[in-house]
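Coordinate inspection notes
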Amino acid sequence: MGDRRRRLGGILGFAAVVALAAGAAAETNVRSIAVGLTCESLPRTVVWKGDDASSKISGSLLSLRADLGMPGGIVFSLSAGAVLTDFRGLEFNGLPIGLAYDASPLLGLAFGAEAIVPLHEFSGLEIGATGRLVYAFGMSKTWPLEGFAVEGSAAGRSSWLEAAAGPRLTWRRLAGFVPYLEIQARWLQASFKMSETLEDLQGEETKRVRGDFSFSAALGVEVPLSDRLSLRARAGLLPRSGGADALALVGFAYTFEGRKGP
């Protein structure tokens, strides 16, 4: 029941963001609309509650994205797509028979909202702020338990929510491409529920990350390929104890010009 409430809360929260965006678009003069496809890797090394050792959550997103260009250079974006989340190495010791997750990534759905707000520009350097929210939930997946005299199975379901915000520096004096630097504070909440059935033995265990806080730095670029088509790419690092997780994004966008009036 708790997982359902959290999942419903995430969906309702995203719906509220969409509603606010729709209201803002209705009240303001949308200058441009860009649509495109984005592929993104979002790994995160965390320590689950109750564990001593860390393990990695690896999310791979393939999303359809829409960018609304507002007055003042503000860009508000919405995205939706599929996500493969890998929890390999996660251990469940509270089940009747202890399990270590070593299956293929879980398929799920992901929804996102993002805003880029320019604040000041001088000599071609634009100083701004960016914020993003991504919510993903996995579809339930069942695996057989092998090596026992009786039939058994295990079923898993996951969800995660990440919020990120921070400054963005964009250099607009180069011909042919626009590079930028983002430094963000990132907050992650995640859960993975594993259920197990082995004849008369039944049990379930939920692993949670209630609020993992970290920072990231990323370099990105937007390269116009034509008057309307552009390539987008970004790569960065999320430092952690003993190393760093690598972030990556690549995508394409096609821009439709909107109204030109005030």
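1. Looking at the layout of surface pockets
In this structure, the largest pocket encloses a volume near 900 Å³. What lines the largest pocket is a set of 38 residues, among which D67, V75, E222, R232 and T255 lie closest to the centre. Ranked by the residues each element gives to the lining of the largest pocket, the list is headed by strand β13 (residues 243-257), at five residues. Of the residues assigned to the lining of the largest pocket, the class counts are 14 nonpolar, ten polar and 14 charged.

2. Observations regarding a nonpolar patch on the surface
Together, I33, V35, L225, L229, F252, Y254 and F256 line one region of the surface with nonpolar side chains, adding up to about 590 Å² of accessible area. At the level of elements, β1 (32-46) and β13 are the ones that each hand at least two residues to the nonpolar patch. Tracing the sequence through the fold places I33 in strand β1.

3. Observations regarding unusual backbone geometry
Negative phi values dominate among residues other than glycine, just as trans dominates among peptide bonds. A positive phi is found at S123, a non-glycine position, where the angle reads about 55 degrees. Mapped onto the fold, S123 is located in the loop between β6 (106-122) and β7 (125-138). The residue E199 is not glycine, and still its phi comes out positive at about 55 degrees. Counting through the fold element by element, E199 comes out in the loop between β10 (178-198) and β11 (201-224).

4. Focus: empty space enclosed by the protein
The gaps left among the atoms become clear once a water-sized probe is rolled over them. Overall, the coordinates contain six cavities of 30 Å³ or more when judged by the stated rule. By volume, the largest cavity amounts to about 190 Å³. Lining the largest cavity are 20 residues; nearest its centre among them are E40, R132, Q184, R186 and R234. Breaking the lining of the largest cavity down by element, the ones donating at least two residues are β1, β7, β9 (152-171), β10, β11, β12 (229-240) and β13. Among the residues making up the lining of the largest cavity, the classes are represented as nine nonpolar, four polar and seven charged. Of the pockets and cavities examined, the second largest cavity occupies roughly 100 Å³. Along the walls of the second largest cavity sit 13 residues, with E40, L61, S63, S79 and R132 positioned nearest its centre. Among the secondary structure elements, those contributing two or more residues to the lining of the second largest cavity are β1, β2 (55-69), β3 (75-86), β6 and β7.

Criteria and cut-off values
- Residues numbered from 1 in each chain as written.
- Predicted model: local features only at pLDDT ≥ 70, side-chain atom pairs only at ≥ 80, totals over all residues.
- Heavy atoms only, no water.
- 1 Å grid on protein atoms, 1.4 Å probe; cavity = no way out; pocket = protein on both sides within 12 Å on 5 of 7 lines; lining within 4 Å.
- Points joined across faces, edges and corners; volume = space filled by probe spheres on them.
- Helix = DSSP H or I, 4+ residues; strand = E, 2+ residues; numbered from the N terminus.
- Nonpolar A, V, L, I, M, F, W, Y, C, P; charged D, E, K, R; others polar.
- Patch = residues over 30% accessible without salt bridge, like charges linked within 9 Å, V, L, I, M, F, W, Y side chains within 5 Å.
- Areas by Shrake-Rupley, 256 points an atom, 1.4 Å probe, with all protein chains shown as cover.
- Salt bridge = Lys/Arg side-chain N within 4 Å of Asp/Glu carboxyl O.

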